[in-house]
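A closer look at the structure
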Amino acid sequence: MSTTAASEAMAFDNGRPWALSPQVALRPESFGALAYHFGTRRLSFLKSPTLLAIVESLGDQPSAVDACRAAGVSDEAMPSYEKALATLAASGMICERTAS
Amino acid sequence: MTLVEDAPPAPAPVGKLVDQFQLGLDAPICLTWELTYACNLACVHCLSSSGRRDPDELSTEECKAVIDELQRMQVFYVNIGGGEPTVRRDFWELVDYATAHHVGVKFSTNGSRITPEVARRLAASDYVDVQISLDGATAAVNDVVRGEGSYATAIGAMQNLNDAGFVGFKISVVITRENVSQLDAFKAIADQYGAQLRLTRLRPSGRGADVWDQLHPTAAQQRELYDWLMAHGEQVLTGDSFFHLAAFGEALPGLNLCGAGRVVCLIDPVGDVYACPFAIHDEFKAGNVRAEGGFAGVWRQSDLFTELRQPTSGGACSSCGHYDSCRGGCMAAKFFTGLPLDGPDPECVRGLGELSLAELGDAMPPKPSLDHSRITRRTSVEPSAPEQSSVAVAFTPRRPDRACDENPLANFEPSPSSC
């Protein structure tokens, strides 16, 4: 079993480029999505369709905050999405991209 | 799943997740697949009454077709069990096929086939997880339940996995009256071998019905278990097994929901689909993967699963202030102890299940619809050297059959030529 996901987990900086971990599979659901990490074997719930849209577009956006804005997140709502993304980063579900 | 974690609630949530799950998903989050009823052990509490191979077992090609469906349905992984799944000749072929099709595998084993070579192979894959069954932290406690020598076999497998560098495999323990006092010792074994401890509930399913009265934890032990689980949090896995204990206070980590037919199910060795691994009974059989429509058809259209996804009232429990936390407990535990499904769990922490059981009197609880036990099991599980065992229990059926119930074919078994 890989332990790389744990070491990949890092502090979340929303100004940096991020992407879904290549070891994670997403399954869209009416409430958002299920996310499963094959390395850590952890299951997460993305509890809104907006969060799913953000996570899916992370890899194509210059930064996490851009991905949130592109998904229509308002400034007021931004902190709760940042918190959700930080949790996903802490468990290795999303990783910082080294090259964008 | 090995751990469930929630990303924090985002704005405009669609509703409580647990309510969503109650109504069922288009595909299970994960499922249990018992690949064979054949087993080289004869554990006294086996929830699938395993022992002999069923001649109608799914073929390799049929298994692969099921895996194809799971891939299409985006089922992330399957929990493979049995019986002892590794005794199937095509076991590794099926594991490789599943992982190549992006269906992760966690398989449960007694460890008898986890050689150093197999352990090295397993350690090299990110998509395969292993769960070694162990029901005592000492050979004395374990072997009375799982059979003589089974402790040494399990420990040998753990050593092989650890030597191969497999970090985080699971040690799966069914909690009984005899091993609750060993929780710290189990944790120490897990730490020693770089494994993660997984504790699950003893169910009165399969042969478990025969020993449930003697082996299920006492009320005081349930409290001890709850406190221990709360102290260890997410370090220890439970497969959401103990949600009936949530009525003690704070909920344990996990979904705290009966996912039967809603987010989980069981496929048995002959392809029958049941609501959960603990409910192998016609009452909980939704269909068969061999039917037209396959597994997806059963999952999405069967009458049973449709019914299970209806909103439920708490029945006899609806006036109880704890209903929101325990949700009436485990359907299978109720069914196989003869209790009504809309009443308290037999291990209700308020003692209401015990009262209901007492009211049942001599009524016989339903028996499992299937039994693949080897007929020698009763004698083979008796402790062969009682003086070496600290467990003073003899495993006899909980209620003796009355003479008039005796089936004329009892103890008659056609020669298992096809096994």
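Residues numbered from 1 in each chain as written. Chains lettered and ligands numbered in written order. Predicted model: local features only at pLDDT ≥ 70, side-chain atom pairs only at ≥ 80, totals over all residues.

**Remarks on the overall build of chain B**
Rule in force here: What counts as a helix is a DSSP run of H or I of at least four residues, what counts as a strand is a run of E of at least two, and both are numbered from the N terminus. Buried means a residue has 20 or more other C-beta atoms within 10 Å of its own C-beta, exposed means 12 or fewer, and partly exposed covers the counts in between; C-beta atoms are placed from the backbone. Contact between two residues is assigned when their C-beta atoms, built from the backbone, lie within 7 Å.
Within chain B, the regular secondary structure consists of 15 helices and 10 strands. With 419 residues in all, chain B has 51% of them scored as buried. Counting only contacts in chain B whose residues sit at least 6 apart along the sequence, the fraction spanning at least 24 positions is 71%.

**What about the overall build of chain A?**
When helices and strands are tallied, chain A shows 4 helices and 5 strands. Expressed as a percentage of the 100 residues in chain A, the buried residues total 45%.

**A closer look at the sheet that holds strand β8 (residues 266–267) of chain B**
Sheets are built from strands paired through backbone hydrogen bonds, the pairs being either parallel or antiparallel. Residues and elements named next belong to chain B. Our working definition: Criterion used throughout: strands pair if DSSP finds at least two bridges between them.
Spatial strand order, β7-β6-β5-β4-β3-β2-β8-β9-β10: 9 strands in an open sheet with mixed pairing. Two strands lie at the open edges of the sheet, namely β7 (196–201) and β10 (285–288), each paired on one side alone. Relative to strand β3 (residues 77–81), strand β2 (residues 30–34) runs parallel, the two sharing 5 bridges. Bridging across to β3, tryptophan 33 finds its partner in isoleucine 80.

**Looking at the environment of leucine 134 of chain B**
Residue and element names in this part refer to chain B. Mapping leucine 134 onto the fold places it in the loop between β5 (128–133) and α5 (139–146). Of the residues examined, leucine 134 has 29 C-beta atoms within 10 Å and is grouped as buried. For the pair leucine 134 and asparagine 110, spaced 24 residues apart in the sequence, the C-alpha separation amounts to 7.7 Å. For leucine 134, the residues in contact, after removing those within four places along its chain, are Asn142, Ala154, Ile171 and Val173.

**Brief notes about unusual backbone geometry**
Between glycine 82 of chain B and glycine 83 of chain B the backbone carries a cis peptide bond, its omega angle lying at 15 degrees. Within the secondary structure, glycine 83 of chain B sits in the loop between β3 and α3 (91–100). Unusually for a residue other than glycine, arginine 41 of chain A sits at a positive phi of about 60 degrees. The residue arginine 41 of chain A is located in the loop between β3 (32–37) and β4 (42–46) in this model. The class of arginine 41 of chain A is buried, set by 23 C-beta atoms lying within 10 Å. Positive phi, normally seen in glycine, also occurs at serine 49 of chain B, with a value near 45 degrees. Relative to the helices and strands, serine 49 of chain B resides in the loop between β2 and α2 (60–72).

**Focus: the environment of leucine 31 of chain B**
All names here are of chain B. In this structure, leucine 31 sits in strand β2. C-alpha of leucine 31 to C-alpha of valine 264: the two residues are 233 residues apart in sequence and 5.1 Å apart in space. Sequence-distant contacts of leucine 31, that is, excluding residues within four places in its chain, are made with Val75, Val78, Val264, Cys265, Leu266 and Ile267.

**Notes on helix α8 (residues 208–215) of chain B**
All names here are of chain B. Burial of α8 is extensive: 6 of the 8 residues sit out of reach of the surface. Every buried residue of α8 is listed here: Gly208, Ala209, Asp210, Val211, Trp212 and Leu215. Here the buried face of α8 lies against α13 (331–336).

**So, the environment of alanine 67 of chain A**
Residue and element names in this part refer to chain A. Structurally, alanine 67 is set in helix α3 (residues 64–70). Here alanine 67 falls in the buried class, since 25 other C-beta atoms lie within 10 Å of it. For the pair alanine 67 and alanine 53, spaced 14 residues apart in the sequence, the C-alpha separation amounts to 8.5 Å.

**Description of the packing of α5 of chain B against helix α6 (residues 150–163) of chain B**
All names here are of chain B. Applied cut-off: An axis is simply a line fitted to the C-alpha atoms; with a helix, the fit covers only the stretch in contact. Between two such axes, the angle follows the N-to-C directions and lies from 0 to 180 degrees. Should an angle fall under 35 degrees it is called roughly parallel, over 145 degrees roughly antiparallel, and 65 to 115 degrees roughly perpendicular, with every other angle called oblique.
Axis separation between α5 and α6 bottoms out at 8 Å; the angle between their running directions is 110 degrees. Judged by the angle between their axes, α5 and α6 are roughly perpendicular. In this structure, α5 uses Ala139, Asn142, Asp143 and Arg146 to contact α6, whose residues at the interface are Ser150, Tyr151 and Ala152.

**What about the nonpolar core?**
Put simply, the rule is: Nonpolar core, as used here: buried Ala, Val, Leu, Ile, Met, Phe, Trp, Tyr and Cys residues forming one set through C-beta atoms within 7 Å.
If you look at the biggest cluster of nonpolar residues, it comprises 142 residues, and the most contacted ones within it are Ile94 of chain A together with Val78, Tyr274, Cys276 and Ala279 of chain B. Leave out the neighbours within four places in its chain, and cysteine 276 of chain B touches Ala260, Val264, Cys265, Leu266 and Ala332 of chain B.

**Description of the confidence of the model for chain B**
Residues and elements named next belong to chain B. We count it as follows: Note: pLDDT gives the predictor's confidence per residue, expressed from 0 to 100.
Overall, the prediction assigns chain B a mean pLDDT of 86, with 86% of residues at 70 or greater. Here residues 377–394 is modelled with pLDDT under 50, and outside its nearest four sequence neighbours on either side it reaches 21 contacts, counting other chains as well. Note on residues 396–419: pLDDT under 50 across the span, and 14 contacts to partners over four residues away in sequence or across chains. Among the scores for the predicted complex, ipTM is 0.84 and pTM is 0.85.

**What about the pairing of β4 of chain A?**
Residues and elements named next belong to chain A. Among the 5 residues that make up β4, 5 are buried, leaving the element largely enclosed by the rest of the structure. Burial along β4 is two-sided: the face carrying Arg42, Ser44 and Leu46 and the face carrying Leu43 and Phe45 are both buried. Bridge count between β3 and β4: 5 bridges; the pairing is antiparallel. In the sheet register, alanine 33 faces β4, and the bridge partner there is leucine 46. Where β3 hands over to β4, the hairpin turn is made up of 4 residues, of which arginine 41 adopts a positive phi near 60 degrees.

**Observations regarding the packing of helix α4 (residues 116–123) of chain B against α6 of chain B**
Residues and elements named next belong to chain B. Quick note on the threshold: Whether a crossing is left-handed or right-handed is set by the direction in which the near helix is turned from the far one by less than a right angle, anticlockwise for left-handed and clockwise for right-handed. Throughout, the ten residues Ala, Val, Leu, Ile, Met, Phe, Trp, Tyr, Cys and Pro are labelled nonpolar, Asp, Glu, Lys and Arg are labelled charged, and all others, Gly among them, are labelled polar.
Where α4 meets α6, the axes come as close as 8 Å, and the angle between the chain directions of the two elements is 50 degrees. Our classification of the angle between α4 and α6 gives oblique. The element α4 and its partner α6 pack so that their crossing is right-handed. Contact residues: Pro116, Ala119 and Leu122 in α4; Asn160, Leu161 and Asp163 in α6. A per-class count over the contact of α4 with α6 returns 4 nonpolar, 1 polar and 1 charged.

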